[in-house]
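Analysis of the macromolecular model
The residues making up each chain are set out below.
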Amino acid sequence: MSEIEIKKIVEPVETSDGAGVKLKRSIGTSAINYLDPFLLLDEFGSENKDDYMAGFPPHPHRGIETVTYMLEGKFEHKDSTGAKGIMSSGDVQWMKTGGGIIHSEMPAMSDGKLHGFQLWVNMPAKLKMSKPEYIYLDAKQIKIYKDEEKKIKIIAGKFKNYEGPIKGHNVEPIYFDIELREENEFKFDLPLNHNSFIYLVEGNIKIGKDKHQRIDGSSLIVLKKGKNLNVKALKRSKFLLIAGKPIGEAIARGGPFVMNTKQEILQAMEDYNNGNFIR
Ligand code: FE
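These notes cover the structure that comes with them. (Residues numbered from 1 in each chain as written. Predicted model: local features only at pLDDT ≥ 70, side-chain atom pairs only at ≥ 80, totals over all residues. Heavy atoms only, no water.)

**What about helix H2 (residues 262-273)?**
As a reminder, the rule being used: Numbering of helices and strands runs from the N terminus, with a helix taken as a DSSP run of H or I at least four residues long and a strand as a DSSP run of E at least two residues long. One less than the residue count of a helix, multiplied by 1.5 Å, gives the span that helix is expected to have. Summary of the burial criterion: residues with accessible area below 20% of their type's maximum are buried, those above 50% are exposed, and those between are partly exposed, where the area comes from a 1.4 Å probe applied to protein chains only. Regarding the arc, it is the one traced by the directions from the helix axis to the C-beta atoms. Throughout, a contact is declared for two residues whenever any of their heavy atoms are within 4.5 Å.
Between its first and last C-alpha, H2 extends 17 Å over 12 residues, near the 16 Å set by a 1.5 Å rise per residue. Buried within H2 are the following residues: Ile-265, Ala-268 and Asp-271. Mapping the buried residues of H2 onto a view down its axis gives an arc of 125 degrees, with all of them on the same face. Seen from the buried face of H2, the exposed residues on the opposite side, beyond 90 degrees, are Lys-262, Gln-263 and Asn-273. In this structure, the buried residues of H2 make contact with strand E22 (252-254) and strand E23 (257-259).

Listed below in structure tokens is the structure:
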């Protein structure tokens, strides 16, 4: 038996991105730059439209996958493959940027609450320059496991007989959105080699057997490798469990581009500036 314990608790950093959208960044910060294969995790959310109305006007990406999960609110997405659509509560957009995509994400709402997550998953060298792919998961397509104690939305991975729609993926991702009632436990076996984390959205939880500091809402909890994950809700809690198989390659970051070498980042910038970005 190897019970999973906490490796590190990271307080997200308040920052802004796009044209000034306020967000809380936890992966992709000085506290944790890269949790292979995860490059970035942002929680965006506000009830104040001034915090999000500016949106994310057109910008490029290369070498990564961006996974956007809307909890509340509406965003309109457009990209250089010609794809466009409105993302609303519960929807997921899993975009493989491959060699190049230019997209925009703008609020399709003029007030009200906006809340969601964006995760960046690295792509291995052999896939970085592939053709962009865009997987849109409507909230209704996402399977939900439900019992007396918990509710689990399965975006990727498998819980009991419920399997998420993202299949045949190189990092074998697990992405669950979990709601756990007070005093109940969530038990799950993780693949031994995956890197994993929990992002607590609200509530208060206890993980594993070791003593740890109180974990309140909006914190990133990086887990040690192991098999048996045991999470107890000290009060009704909501959290994301995300895990993936490490890629194990060097990374070079250049804002919206993540490649293996500095040279490839310079190439991406040159391609973008010369209009050769979209092939
Ligand atoms: Fe983007």
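**What about the pairing of strand E11 (residues 114-122)?**
Using the following cut-off: Only when DSSP finds a minimum of two bridges between them are two strands counted as paired.
Where burial is concerned, most of E11 is hidden: nine out of the nine residues are buried. Where burial is concerned, the two faces of E11 agree: the one with Leu-114, Gly-116, Gln-118, Trp-120 and Asn-122 and the one with His-115, Phe-117, Leu-119 and Val-121 are both buried. As paired elements, strand E4 (residues 38-46) and E11 share eight bridges and run antiparallel to each other. Across the sheet, residue Glu-43 finds its bridge partner in E11, namely Phe-117. Bridging between strand E6 (residues 64-72) and E11 involves eight bridges; their strand directions are antiparallel. Paired with Ile-64 across the bridge in E11 is Asn-122.

**Here's the deal with the environment of Phe-75**
Along the chain, Phe-75 turns up in strand E7 (residues 74-79). In this structure Phe-75 comes out as buried when scored by relative accessible area, which is 6%. For the pair Phe-75 and Leu-240, spaced 165 residues apart in sequence, the C-alpha separation works out to 21 Å. If we skip the residues at most four places from it in the chain, Phe-75 touches Phe-56, Met-70, Gly-85, Ile-86, Met-87, Glu-105, Met-106, Pro-107, Ala-108 and Leu-114.

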